[in-house]
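What follows is the residue order along each chain.
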Amino acid sequence: MSSTTDFTLSIEGLTVSFDGFKAVDDLNLYIDKNELHVVIGPNGAGKTTVLDLICGKTKSTSGSIKFLNKELTKMSEHAIVRAGVGRKFQTPSIYENLTVLENLEVSYPAGRGVLGSLVFKRSTAVLQKIHEIAAEIMLDDQLDTEAGLLSHGQKQWLEIGMLLIQDPQLLMLDEPVAGMSVKEREQTGELLKKISKGRSVLVIEHDMEFVARIAQKVTVLHQGKILAAGNMEKVQSDPKVIEVYLGH
Ligand SMILES: Nc1ncnc2c1ncn2[C@@H]1O[C@H](COP(=O)(O)OP(=O)(O)OP(=O)(O)O)[C@@H](O)[C@H]1O
């Protein structure tokens, strides 16, 4: 347990059982810095549970999750966020009645809540960071727009921005392009590639065209275990993967 690793995330022997049913079963998964890693697999394969285990929402039965050489399995959800793990859920949790700028501002890691930040005098450093992130998430000309008026895709990007402003070293996203237009999917693909530079990104996705566009490495889960792993071409041509997942 005291060994160190160069990976940003090192998962070894991870298992969780719910009343004897192993939703994740002896999983090993390694993610490098600058890596965009996609987890695919049929419904019930354990994909969401893996993210729940990493962010501390679900406690493992056994195994290890090392993030920047910190063992996450014993840490609280809050401590895991503070250590640098950000997670985006499928439904965006933005403040619809605040502007894009205010949404980014309340997410700035300075321990301020919504109310505190509204009376907070904006420092140049904070504003600079907000502008930088807004440009990255393609909302720099929408800073004064109320978040509730954004398109579905833009709301998703805003939430990604609210995580980015906290500068996570690992960003996890659950089906980030669900419900998006074709154009928004393309833009999101580019965005995810960009934000994986300098950090690690872990995505769960069903849309294979999107996976093919973004993934550097793909892990296919089936019944809590790894069915195949590697680059997209390798995984796509794997007969086991075609049989249980892609063939449907
Ligand atoms: N808290 C829980 N208690 C009991 N069973 C659970 C719990 N969480 C997940 N499961 C079960 O674990 C299995 C894996 O679920 P999970 O949601 O991780 O799959 P998934 O691969 O994300 O599927 P989907 O693509 O449908 O989202 C499922 O059979 C699910 O019912």
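In this text, all values refer to a predicted model and were calculated from it rather than measured experimentally.

The next thing to look at is the site of the ligand. Every residue close to the ligand is listed here: Phe18, Ala23, Gly41, Asn43, Gly44, Ala45, Gly46, Lys47, Thr48 and Thr49. Counting residues per element, the shell around the ligand draws most heavily on helix α1 (residues 47–54), at 3 residues. Among the residues forming the shell around the ligand, the class breakdown is 3 nonpolar, 6 polar and 1 charged.

Of all residues in the protein, 93% attain a pLDDT of 70 or more, and the chain-wide mean is 91. Both confidence scores are given for the complex: pTM 0.91, ipTM 0.95.

Here 6 strands make up an open sheet; going across it, the order is β6-β7-β8-β3-β9-β10 and the pairing mixed. Edge positions in the open sheet fall to β6 (85–88) and β10 (225–230), since each of these has one partner strand only. Going across the sheet, the axis of each strand differs from the next one's by a mean of 20°, ignoring polarity. In this sheet, β10 lies alongside strand β9 (residues 217–222) in antiparallel orientation, the contact comprising 5 bridges. Residue pairing for β10: histidine 222 is matched across the bridge by lysine 225. Along the sheet face, helix α10 (residues 239–246) touches β3 (36–40), β9 and β10 and points at about 120° away from the line of β10.

Counting through the fold element by element, serine 60 comes out in the loop between α1 and β4 (62–67). Overall, the presence of 23 C-beta atoms within 10 Å leaves serine 60 in the buried class. Linking serine 60 and leucine 227, residues 167 residues apart in sequence, is a C-alpha distance of 21 Å. Once you skip the residues sitting within four places of it in the chain, serine 60 turns out to touch Leu14, Thr15, Val16, Leu53 and Thr73.

Per the domain assignment, the segments of the protein are domain 1 (1–84 + 170–248) and domain 2 (95–167). Measuring from the centre of the C-alpha atoms in domain 1 to the corresponding centre in domain 2 gives 27 Å. Counting from both sides, the interface comprises 10 residues of domain 1 and, opposite them, 10 residues of domain 2. For the side of domain 1 that touches domain 2, the per-class residue count stands at 5 nonpolar, 3 polar and 2 charged.

With that settled, consider the packing of helix α3 (residues 100–107) against helix α5 (residues 124–136). Two elements in contact, α3 and α5, have axes separated by 10 Å at closest approach and are oriented at 115°. Judged by the twist between their axes, the crossing of α3 over α5 is right-handed. Counted together, Val100, Leu101, Leu104 and Glu105 of α3 and Val126, Ile130, Ile133 and Ala134 of α5 form the full contact between these two elements. For the contact of α3 with α5, the per-class residue count stands at 7 nonpolar, no polar and 1 charged.

What counts and how
Residues numbered from 1 in each chain as written. Predicted model: local features only at pLDDT ≥ 70, side-chain atom pairs only at ≥ 80, totals over all residues. Near = placed C-beta within 6 Å. Helix = DSSP H or I, 4+ residues; strand = E, 2+ residues; numbered from the N terminus. Nonpolar A, V, L, I, M, F, W, Y, C, P; charged D, E, K, R; others polar. pLDDT = per-residue confidence, 0-100. Pairing = 2+ DSSP bridges. Axes fitted to C-alpha atoms, helices over the stretch in contact; angles between N-to-C directions. Contact = placed C-beta atoms within 7 Å. Buried ≥ 20, exposed ≤ 12 C-beta atoms within 10 Å, placed from the backbone. Domains from an automatic or database assignment. Left-handed = near helix turned anticlockwise from the far one by under 90°.

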